[in-house]
Amino acid sequence: MKSAIVLMFSVLIAAGCATTREAAQQTYDFGPVGEPPQVTNSVQIVEMRAPEWLDGSQMLYRLAYVDPRALTPYSTSRWAGTPASMLTLRLRQQLGSVPGAKCILTSNLAEFSQAFDAADASRAVLQVHAVLAAGAAGQRMQKDFRLEAKAATADAAGGAAAFATLATDLAKALDEWMTGSGLCAQS
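In this report, we go over the structure that sits alongside the text. Keep in mind that this is a model prediction, so the values were computed, not measured.

Regarding the pairing of strand S4 (residues 71-79)
In the case of a regular strand, side chains alternate between the two sheet surfaces.
Stage number 1. Both strand S1 (residues 26-28) and S4 contribute to a ladder of 3 bridges, which runs parallel. What sits directly across from Tyr-28, in S4, is Trp-79.
Stage number 2. Relative to S4, strand S3 (residues 58-63) runs antiparallel, the two being bridged by 4 bridges. Of the residues in S4, the one forming a bridge with Tyr-61 is Thr-72.

Here it is as structure tokens:
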């Protein structure tokens, strides 16, 4: 009887330890770059700027069906860097970045959060304001880009995968915009 009580007490302690243990911290980035880009524009990509509330490594989400104005960080999931620094890196990987190029691309991050439209449905939302300046000509263009991608799962991993897609989509949209301008064409 005494050994049964000791065994039951041990099981209860082990169960208590298992339930109070913190979940493992998970860090996300956009993953490896796919195919190397075929660079068509001569552009220097300046480090993206972000407002103070987006200048950290927290993964933020909004419960749009409860209060779309409330941003909440995931407790056990983080980005490998700030969203602006990760986007800058991906843009440079996808578009190339040449110091002294014909054009200079500056950008400001305005939105980078996972929005839950229901408890089991979410989407990644990215909004960037881009400014393209052609050095010698002194021409300047600007454009706002708002992109969304549905997350495959309603959690941090699903949001991270959706943002990886959006980072590539942003690079493609910027490339099309620059190509369409004709200001930055490779010589």
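That shown, we press on.
Quick notes on the nonpolar core
Stage number 1. Judged by nonpolar contacts, the single largest core of 46 residues is most densely connected at Phe-30, Trp-79, Leu-87, Phe-112, Leu-126, Leu-170 and Leu-174.
Stage number 2. The set of elements that each furnish at least two residues to this core consists of strand S2 (43-45), S3, S4, helix H2 (83-95), strand S5 (103-118), strand S6 (121-134), strand S7 (139-150) and helix H3 (156-181).
Stage number 3. Top contributing element to this core by residue count: H3, with 13 residues.
Stage number 4. Those residues within four positions of Phe-30 in sequence are excluded, and the remaining contacts are Trp-79, Met-86, Leu-87, Arg-90, Phe-112, Phe-163, Ala-164 and Ala-167.

What to know about the state of the cysteines
Stage number 1. Within this structure, the stated rule accounts for 1 disulfide.
Stage number 2. Across the disulfide, Cys-103 is cross-linked to Cys-184 (sulfur-sulfur distance 2.0 Å). Sign of the S-S torsion, about -100° for the bond between Cys-103 and Cys-184, identifies this disulfide as left-handed. Residue Cys-103 is found in strand S5, and its partner Cys-184 is found in the segment after H3; the two are separated by 81 residues along the sequence.
Stage number 3. Here Cys-103 falls in the buried class, since its relative accessible area comes to 0%.

Here we look at H2
Stage number 1. The end-to-end C-alpha separation of H2 is 18 Å, in line with the 18 Å expected for 13 residues at 1.5 Å each.
Stage number 2. Buried residues of H2: Pro-83, Ala-84, Met-86, Leu-87, Thr-88, Arg-90, Leu-91, Gln-94 and Leu-95, and no others.
Stage number 3. Just downstream of H2, Gly-96 is the residue with a positive phi angle, here 75°.

Here's the deal with the environment of Ala-118
Stage number 1. Tracing the backbone shows Ala-118 in strand S5.
Stage number 2. Ala-118 sits in the partly exposed class, given a relative accessible area of 27%.
Stage number 3. In the structure, Ala-118 is positioned 52 residues away from Val-66 in sequence and 8.8 Å away in space, judged by C-alpha atoms.

A few points about the environment of Ala-70
Stage number 1. Among the structural elements, Ala-70 can be located in the loop between S3 and S4.
Stage number 2. Judged by relative accessible area, which is 32%, Ala-70 ranks as partly exposed.
Stage number 3. Measuring from C-alpha to C-alpha, the distance between Ala-70 and Leu-60 comes to 9.8 Å, with 10 residues separating the pair along the chain.
Stage number 4. Among residues more than four places away in sequence, those in contact with Ala-70 are Tyr-61, Arg-62 and Leu-63.

Observations regarding the pattern of salt bridges
Opposite charge on two side chains permits pairing when their charged atoms draw close.
Stage number 1. The final tally for this structure, using the stated rule, is 6 salt bridges.
Stage number 2. Glu-111 is the salt-bridge partner of Arg-62, the closest N and O atoms lying 3.1 Å from each other. Here Arg-62, found in strand S3, pairs with Glu-111, found in strand S5; they are 49 residues apart in sequence, far enough to count as distant.
Stage number 3. With a closest N to O distance of 3.3 Å, Arg-123 and Glu-148 form a salt bridge. Separated by 25 residues along the polypeptide, Arg-123 in strand S6 and Glu-148 in strand S7 bring together distant segments of the chain.
Stage number 4. For Arg-123, a relative accessible area of 22% translates into the label partly exposed.

The rules behind each value
- Residues numbered from 1 in each chain as written.
- Predicted model: local features only at pLDDT ≥ 70, side-chain atom pairs only at ≥ 80, totals over all residues.
- Heavy atoms only, no water.
- Pairing = 2+ DSSP bridges.
- Helix = DSSP H or I, 4+ residues; strand = E, 2+ residues; numbered from the N terminus.
- Core = buried A, V, L, I, M, F, W, Y, C linked by side-chain atoms within 4.5 Å.
- Buried < 20%, exposed > 50% of the residue type's maximum accessible area, 1.4 Å probe, protein only.
- Contact = heavy atoms within 4.5 Å.
- Disulfide = S-S within 2.5 Å.
- Expected span 1.5 Å × (residues − 1).
- Salt bridge = Lys/Arg side-chain N within 4 Å of Asp/Glu carboxyl O.

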